[in-house]
Amino acid sequence: MEQIILPHANNKTIPIQDLIAHFKESKIEYMIIGSNKVILSLHPKPKSLDVWIRTHKNVIGHANTCQSVNNVVSQLIKNKSFSLGLRKCPKSKRICKSLVFCDRNN
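This text gives an overview of the structure that appears in the document. (Residues numbered from 1 in each chain as written. Predicted model: local features only at pLDDT ≥ 70, side-chain atom pairs only at ≥ 80, totals over all residues. Heavy atoms only, no water.)

Topic: helix H3 (residues 70–78)
By the burial criterion, the buried members of H3 are Val72, Val73, Gln75 and Leu76. Around the axis of H3, the buried residues are gathered within 155° of arc, so they sit on the same side. Every exposed residue of H3 that faces more than 90 degrees away from the buried side is listed here: Asn70 and Lys78. Those residues of H3 that are buried are in contact with strand E1 (3–6), helix H1 (16–26), helix H2 (49–54), strand E4 (82–88) and strand E5 (95–101). At the C-terminal side of H3, Lys80 shows a positive phi close to 75°. (Buried < 20%, exposed > 50% of the residue type's maximum accessible area, 1.4 Å probe, protein only. Helix = DSSP H or I, 4+ residues; strand = E, 2+ residues; numbered from the N terminus. Arc of directions from axis to C-beta. Contact = heavy atoms within 4.5 Å.)

In structure tokens:
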């Protein structure tokens, strides 16, 4: 199973299948990337990729560190289940960089 390596969480990993399952279970087509260097409780984009990673069970102890860095996003794009796009943020209503789900059959 392919893993997402998190350089800002001591190279801990998350199975990419966990993110795919989140997209399917939540019935979402995209997720704002939401990279932000704030503590988790102050994060302005609660439904972002950054918050999803920070709250994943494998990232315990690193929740207050930005996790959706370029390296992580590149790994997700390389997987081909996701692409990079611009979509409306559900919170701010602004157009933001987003992770777009491409592979509904995975």
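Observations regarding unusual backbone geometry
Even without a glycine there, the phi angle at Asn11 is positive, about 60°. Along the polypeptide, Asn11 turns up in the loop between E1 and strand E2 (12–15). Of note in the backbone geometry, Lys80 takes a positive phi value of approximately 75° without being a glycine.

Considering the nonpolar core
Counting 22 residues, the largest nonpolar core has Leu6, Leu19, Leu49, Ile53, Leu76 and Phe82 as the members making the most contacts within it. Only E1, H1, H2, H3 and E5 provide two or more residues apiece to this core. The greatest single-element share of this core, amounting to four residues, is contributed by H1. Not counting chain neighbours up to four residues away, the residues in contact with Leu76 comprise Ile4, Ile16, Leu19, Leu49, Phe82 and Leu99. (Core = buried A, V, L, I, M, F, W, Y, C linked by side-chain atoms within 4.5 Å.)

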